[in-house]
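Below, each chain spelled out in residue letters.
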Amino acid sequence: MHTLKLNVPDSIYVELMSFLKKYPNLNSYIVEDENKPDFTLSSIEEVRKRVEKARASIANGNYIEENQFWSEVDKHINKL
């Protein structure tokens, strides 16, 4: 048996996990699964910056409506 440590981008994580689930005993294959530290917020100031950035993005029209979001999610799931 071999052990691999991979840095998997979020954009393909779900697809990779779907692929692995095709094999029996998936849990015996996954040795470690953790998020990158950039998703950990270390201070209130960092949280404030991210919230303000999100608000500015929304104010500029950089968002999709909820029903469109779920439609896109459903389309992606159906492709798997």
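Residues numbered from 1 in each chain as written. Predicted model: local features only at pLDDT ≥ 70, side-chain atom pairs only at ≥ 80, totals over all residues. Heavy atoms only, no water.

Digging into the overall build of the chain
How we decide: Runs of E in the DSSP output that reach at least two residues are strands. Runs of H or I that reach at least four are helices, and both are numbered from the N terminus. Exposure is judged per residue with a 1.4 Å probe applied to protein chains only, and the accessible area is read against the type maximum: over 50% gives exposed, under 20% gives buried, and values in between give partly exposed.
Within the chain one finds 4 helices and 0 strands. When its helices and strands are written in sequence order, the chain yields α-α-α-α. Taken over 80 residues, the chain has a buried fraction of 4%.

Things to note about the confidence of the model for the chain
Note the threshold: Each residue gets a pLDDT score, which is the predictor's confidence in that residue and runs from 0 to 100.
Overall, the prediction assigns the chain a mean pLDDT of 80, with 81% of residues at 70 or greater. When mean pLDDT is taken per element in the chain, helix α4 (residues 66-79) scores highest with 88 and helix α2 (residues 26-29) scores lowest with 63.

What about the packing of aromatic side chains?
Applicable threshold: Only the six-membered ring of Trp is used, alongside the rings of Phe and Tyr, when aromatic pairs are assigned; centres must lie within 6.5 Å, and planes under 30 degrees apart are stacked while those over 60 apart are edge-to-face, with the rest tilted.
One pass over the full model with this rule turns up 1 aromatic pair. Here the aromatic rings of Phe69 and Trp70 are separated by 4.9 Å at their centres, their planes lie at 75 degrees, and the arrangement is edge-to-face. With a relative accessible area of 38%, Phe69 lands in the partly exposed category.

Description of the pattern of salt bridges
Applicable threshold: Each reported salt bridge corresponds to a side-chain nitrogen of Lys or Arg within 4 Å of a carboxyl oxygen of Asp or Glu.
The full count for this structure, using the stated rule, is 4 salt bridges. For Glu45, the salt bridge identified is with Arg48, shortest N-O distance 3.9 Å. With a gap of 3 residues between them, Glu45 and Arg48 both fall in helix α3 (residues 44-59), about one helical turn apart. Accessibility expressed as a relative area gives 43% for Glu45, which makes it partly exposed.

Considerations on the environment of Glu34
Of note, Glu34 is situated in the loop between α2 and α3. As for Glu34 and Asn7, which are separated by 27 residues in sequence, their C-alpha atoms are 9.9 Å apart.

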